[in-house]
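Structural description and commentary
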Amino acid sequence: MEDTQKRNDVSEPSEEEVRKQLVELATQIRAANIAYYTNDDPQISDAAYDALVKKNKKLEAAFPHLIRADSPSHQIGATAATGFSKITHSSRMLSLDNAFDKEDVEGFDTSIRKFLGLEQDAKLDYTVEPKIDGLSLSLRYVDGVLVQAATRGDGTVGENVLANARIVSDIPDRLIDAPQVLEVRGEVYITHEDFAELNERQQRAGAKTFANPRNAAAGSLRQLDPEVTRSRPLRFFAYSWGEVSRGFARTQFDAIATFQSMGFKINKLTQLAQSVSQLLAQYEQIEGQRASLGYDIDGVVYKVNDLNFQQRLGARSTTPRWAIAHKFSAERAWTRLEAIDIQVGRTGALSPVARLTPVTVGGVVVSNATLHNEDYIIGQDSQSQSIRDGKDIRPGDWVQIYRAGDVIPKISDVDISKRPPDSRPFTFPTSCPACGGAAIRKENDAVRRCTNAMSCPAQAVEKLKHFVSRGAFDIAGLGGKQIEMFYNDPTLPVHEPADIFLLQSRDQENQSKLADRDGWGETSARNLFAAIAASRKVTLDRLIFALGFRNVGEVAAADLARHFGSWERLVETVTTAAREPAASVRAEKQRKDFLNESPNWLEITSIDGLGDAVADALINRFSDRFERKAMDNLIGQLEILPIARLIVADSQLAGRMIVFTGSLQKMTRAEAKASAERLGAKVSSGFSKKIDIVVAGEAAGSKLKKAQEMGITIIDEDQWLELIRSDS
Ligand code: IVH
């Protein structure tokens, strides 16, 4: 008897115990996953993690009928890299341009009127809505039923958080009288009261507390376990939409009211305004209520009310033209500047960084701030005008910090009366702190740069960090820390991007395996290799952005990708342009004289929104033998996909090159250009053989004549309107 009892206790636990253990293991593994994947902050060793997974597997194998629906073994694999599956938004989730003062708001109103061709005194209504400081969420309803919930992500691809969204009581599962397809967008947030309570609970449980309500809302929505989300009181305001199968309102205001009648919560402070002065008055009124709302808002949003106007205004690459966020002024705090460090960026720029005695600004602890450049430190702006009344900034100074939104904190003022008597002005280094090479400041450049592009380790590491960053290759498990480690690793070196894709095969050949190193393990090594393999497929725009050409950010990268369509075309054009006369002339004015003999140069610089600086950057990089080799090595490792299409899929205008000339009567030039781009056409400001269509307005001059001579299709404004109408 005693014997049997013993065996039961030790080798055959009761079902009840197994169940408990499985719950415990699921919780621990999930927590480890979150720490590792979501927070990039592993809390247990890889070996300990592997042991948990193994134990879970063993129990599940012995008691298959007790496997939990949310078993961690179901979650490893495709979705484990980030924890959630990815969703491509059917229409891009845009963000908002910012206004900080009255002039910005006036500029916003003026440019809208100009775009639409409205007189300054013509009637133009706006909505004024509080800007909720949470995170945006897109909810897809088909036949009135909630079928998908996606975070914004990078605007194109977000994460599927449907299970969590279903728990939020402000989000209806079913809609009354909704279009067949309707994507409702809005903000997930948490109230101050719920935030305080949540943090208290977290603290009691010995778990991580959140820095502010926004982080708490984000952390809760991106929680892998919906049960945990359930215990966190998220809320939702509806204010926008994505794909819809039919129109459901004529104005922004009505649209929001319709959301309410469908069952959503909308923000009661939303109102209408008829003029800039009314916009500003309502801004002040809402700011006055800020402290008593019970949830965070960080500004107000102005939107053109008429949806027809909104449609005509359209969007730039990431922000609509018909809306702007007017931010509340930033939060400020005073602290001591302990030291000024110099960081070397990927283009060799020497950036001064302020190391501060940590201070809380708007709920976030700040210990670093940007100091921009050497002029800024001595108290001058880029035009040599004095800033801060010409006061310089020195280590040891008492400085005022401000923080606006998510941007890097800045220094707004310095209190000279508190300056230590022995302080000395800061001397900006003239050599690179990383490699000792000369750091030169060219005329008209605000920045001093390390000239040692080839062998400066700081530049190399920063380039690689940029390469794997969000918006670029975005490889899970390969962040700044890991890049630095591999850069300095003798057996698994990553010195150029191609090396990343060779890690796995090199590791196989090595005696000592990555999995055996400190801080690594079977699982994390395997996951890293899987994430790298998955990122071999990359869209052209991401690839161009990842390469980190000077003056080429995400927008310019997308412009280049859209224009050239393939890597080969880009390389061909740039390398040919490099041999053309315009490329070797430095002064922009003189370049004009060589354009006729420089068709490839002209093609690059005529891409709307780009210019000489981008052409120079591309040519410089491609002309460097080593850089060219590094790029070729990389391309050999990749499968390049065409740019994700944001435009109407089968437009007959897609890919066509258009020139507008003469004066248009029914739409402004800006509107014409936007309408072409919306349908996937490219608008050129210069004239070349590659032009497909010339749209000639009234009094079109030399370009029209040239187009006639060259036999290019010429249409007038009405025909253009006809064309875009039939195409959209
Ligand atoms: S409209 C295309 N309205 O602010 C229009 N956004 O900084 C897209 N936000 O990503 C946004 N309150 O997460 C809009 N009333 C409001 C908002 C709002 C908060 C957030 C949203 C957006 C971010 C842009």
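Scope of this entry: the structure provided in the associated data block. Since we're looking at a predicted model, the values are computed, not measured. (Residues numbered from 1 in each chain as written. Predicted model: local features only at pLDDT ≥ 70, side-chain atom pairs only at ≥ 80, totals over all residues. Heavy atoms only, no water.)

**Here's the deal with the overall build of the protein**
From N to C terminus, the protein includes 28 helices and 24 strands. For the protein, the C-alpha radius of gyration of 29 Å lies close to 27 Å, the compact-globule estimate for 728 residues. Sorting the 728 residues of the protein into buried and exposed places 48% on the buried side. Within the protein, contacts between residues at least 6 apart in sequence are counted, and of these 66% link residues at least 24 apart. Surface summary for the protein: the accessible area is close to 36,100 Å², and the carbon and sulfur share equals 49%. (Helix = DSSP H or I, 4+ residues; strand = E, 2+ residues; numbered from the N terminus. Rg over C-alpha atoms; globule rule 2.2 N^0.38 Å. Buried < 20%, exposed > 50% of the residue type's maximum accessible area, 1.4 Å probe, protein only. Contact = heavy atoms within 4.5 Å. Areas by Shrake-Rupley, 256 points an atom, 1.4 Å probe, with all protein chains shown as cover.)

**What to know about the nonpolar core**
Counting 62 residues, the largest nonpolar core has Phe473, Phe486, Ile500, Leu543, Ile544, Leu560 and Trp567 as its most contacted members. Among the elements that line this core, the one with the most residues is helix H19 (residues 554-564), at six residues. (Core = buried A, V, L, I, M, F, W, Y, C linked by side-chain atoms within 4.5 Å.)

**Quick word on helix H16 (residues 497-509)**
Considering bend angle alone, the principal kink of H16 is centred on leucine 503 and spans about 50°. Buried within H16 are the following residues: Pro497, Ala498, Asp499, Ile500, Phe501, Leu503 and Asp507. (Bend = angle between axes of the 7 residues up to and from the residue.)

**Let's talk about the pairing of strand S24 (residues 713-716)**
Relative to S24, strand S23 (residues 693-696) is paired through four bridges, and the arrangement is parallel. The residue bridging valine 694 from the neighbouring strand is isoleucine 714, located in S24. Since S23 and S24 lie parallel, the crossover through helix H27 (residues 702-710) that links them has a hand, and here it is right-handed. (Pairing = 2+ DSSP bridges. Right-handed = clockwise from strand over helix to strand, strands pointing away.)

**Quick look at the side chain of aspartate 507**
Along the polypeptide, aspartate 507 turns up in helix H16. One buried charged residue, aspartate 507, remains without a salt bridge, the closest side chain of opposite sign being arginine 517 at 5.1 Å. From its side chain, aspartate 507 meets the backbone nitrogen of leucine 514 in a polar contact 2.8 Å long. The residues contacting aspartate 507, other than those within four sequence positions of it, are Leu492, Ser512, Lys513, Leu514 and Phe529. (Lys, Arg positive; Asp, Glu negative; His and termini not counted. Salt bridge = Lys/Arg side-chain N within 4 Å of Asp/Glu carboxyl O. Polar contact = N/O pair within 3.5 Å; in protein donor to acceptor, adjacent residues only side chain to side chain.)

**Some details on the sheet that holds strand S4 (residues 135-142)**
In space, the four strands of this open sheet follow the order S5-S4-S7-S8, with antiparallel pairing throughout. With partners counted over all chains shown, the strands left at the sheet margins are strand S5 (145-151) and strand S8 (235-244), one partner each. When strand polarity is set aside, the average angle formed by the axes of neighbouring strands in this sheet is 30°. Pairing of S4 with S5 involves six bridges; the strand directions are antiparallel. Paired with leucine 137 across the two strands is threonine 151, which belongs to S5. Strands strand S7 (181-189) and S8 of the sheet are contacted by helix H10 (residues 252-262), whose axis makes an angle of about 115° with S8. (Axes fitted to C-alpha atoms, helices over the stretch in contact; angles between N-to-C directions.)

**Here we look at a negative patch on the surface**
A contiguous patch of negative charge on the surface is contributed by Asp97, Asp101, Glu103 and Asp104. Within the fold, glutamate 103 resides in helix H5 (residues 102-116). (Patch = residues over 30% accessible without salt bridge, like charges linked within 9 Å, V, L, I, M, F, W, Y side chains within 5 Å. Charge placed at Lys NZ, Arg CZ, Asp CG, Glu CD.)

**Thoughts on the pattern of salt bridges**
Within this structure, the stated rule accounts for 43 salt bridges. Among the salt bridges present, the one from arginine 355 reaches aspartate 341, with a minimum N-O distance of 2.7 Å. One end of the pair, arginine 355, is in strand S13 (residues 350-361); the other, aspartate 341, is in strand S12 (residues 331-344), with 14 residues separating them in the sequence. Here aspartate 341 falls in the partly exposed class, since its relative accessible area comes to 30%. Of the charged contacts, one joins glutamate 627 and lysine 463 as a salt bridge, the two residues approaching to 3.5 Å between their closest N and O atoms. Of the two residues, glutamate 627 sits in helix H25 (residues 625-635) while lysine 463 sits in helix H14 (residues 457-467), which places them 164 residues apart along the sequence. Glutamate 627 gets classed as buried once you look at its relative accessible area, which sits at 13%.

**Here's the deal with the site of the ligand**
As a matter of local geometry, the ligand sits amid 13 residues, with Glu129, Ile132, Glu187, Tyr239 and Lys303 nearest to it. One of the side-chain nitrogen or oxygen atoms of glutamate 129 is found 2.8 Å away from a nitrogen atom of the ligand. Take tyrosine 239: an N or O atom from its side chain is 3.3 Å from an oxygen atom of the ligand. With the chains in place, 89% of the 520 Å² that the ligand exposes on its own is no longer accessible. For the shell around the ligand, the elements supplying multiple residues, two or more each, are strand S3 (126-132) and strand S10 (297-304). Considered class by class, the residues forming the shell around the ligand number eight nonpolar, one polar and four charged. (Near = heavy atom within 4 Å. Nonpolar A, V, L, I, M, F, W, Y, C, P; charged D, E, K, R; others polar.)

**Re unusual backbone geometry**
The general pattern is negative phi for most residues beyond glycine and trans for most peptide bonds. For aspartate 177, which is not glycine, the phi torsion reads 55° and is therefore positive. Following the sequence through the fold, aspartate 177 ends up in the loop between helix H6 (162-165) and S7. The backbone of asparagine 551 shows a phi angle near 65°, a positive value even though the residue is not glycine. Secondary-structure assignment places asparagine 551 in the loop between helix H18 (540-546) and H19. Asparagine 551 sits in the partly exposed class, given a relative accessible area of 47%.

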